[in-house]
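# Examination of the molecular architecture
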Amino acid sequence: MSKRILVAIDGSAEATEALRFAAEEWPDADLTALHVINPADSATGADGGFPGASDQWYESAKGRGERILAEATGAVDRPVATRLEVGRPKRTILDVAGGEAAVGEDEGSGEPFDHVVLASQGRTGLSRVLLGSVAEGVVRRAEVPVTVVR
């Protein structure tokens, strides 16, 4: 049975490097690149969304997420499945890794991943305390092995 690897993609160069790392480290594994749309971004008007215009915000965030996934998977010379979810990044990565399916999703429902790979932005000290750390939270709470690429 082939190993299933989940790679979190946030649009950073480090995340693309994490995907490249996973592709090289596990050449026979099935890779899935996951991008999480964070609804908390809508309150700030990120990516052109406006508070109160959730449909507009979502369509904008979805388009941006699809572009991020396309760019990241285009940097790898092998097939990579993609997945776009809405939620808080840490919790969503953990849920997807554990096999929880999105509402209405049929493909891959209930099947946990064997490994999670994600990038660390390398924040330390006060910025990590203030901003939180998705990588740290996933490492602490994941029920599968996690590799953090720096």
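Please read all numbers here as calculations on a predicted model, not as lab measurements. For every chain, the first residue of the written sequence is number 1, and numbering continues from 1 onward in sequence order. Per-residue local features are limited, in this predicted model, to residues with pLDDT of at least 70; the limit for side-chain atom pairs, both in listing and counting, is 80 or more; totals at the level of whole chains, interfaces and linings are taken over all residues. To obtain the side-chain values, all non-hydrogen atoms of the structure were included, while hydrogens and water were left out.

### A closer look at the overall build of the chain
Put simply, the test is: Starting at the N terminus, helices and strands are each numbered in turn, a helix being any DSSP run of H or I of at least four residues and a strand any DSSP run of E of at least two. Here's how the labels work: a residue is buried when its accessible area is under 20% of the maximum for its type, exposed when over 50%, partly exposed in between, all with a 1.4 Å probe on protein chains only. Residues are treated as being in contact if the distance between any of their heavy atoms lies within 4.5 Å. The accessible surface values rely on the Shrake-Rupley method and a 1.4 Å probe; as for residues, cover is taken only from the protein chains in view.
When helices and strands are tallied, the chain shows five helices and five strands. Here the chain holds 150 residues, and the buried ones make up 38% of them. Put simply, 71% of the contacts in the chain that link residues at least 6 apart link residues at least 24 apart. Surface exposure of the chain reaches about 8700 Å², of which carbon and sulfur atoms provide 48%.

### What to know about the nonpolar core
Short version of the rule: Nonpolar core, defined: a set of buried Ala, Val, Leu, Ile, Met, Phe, Trp, Tyr and Cys residues in which side-chain atoms within 4.5 Å join the residues together.
Ile5, Val7, Ile9, Leu19, Ala22, Leu31 and Val117 are the most contacted members of the largest nonpolar core, which totals 20 residues. Residue assignment for this core shows that the elements contributing at least two residues are β1 (4–8), α1 (13–25), β2 (30–37), α2 (54–74) and β4 (115–119). With five residues, α1 is the single largest residue contributor to this core. Leu31 has contacts with Ile5, Leu19, Ala22, Ala23, Arg78, Val80 and Ala81, leaving out every residue within four places of it along the chain. Core analysis: the next-biggest nonpolar cluster, separate from the first, contains 13 residues, Ala8, Ile93, Val96 and Val138 among them.

### Brief notes about the environment of Arg141
Following the sequence through the fold, Arg141 ends up in helix α5 (residues 134–141). Of the residues examined, Arg141 reaches a relative accessible area of 49% and is grouped as partly exposed. When the C-alpha positions of Arg141 and Lys90 are compared, they lie 9.3 Å apart, and in sequence the two are 51 residues distant. Other than its neighbours up to four places away in sequence, Arg141 contacts Lys90 and Leu94.

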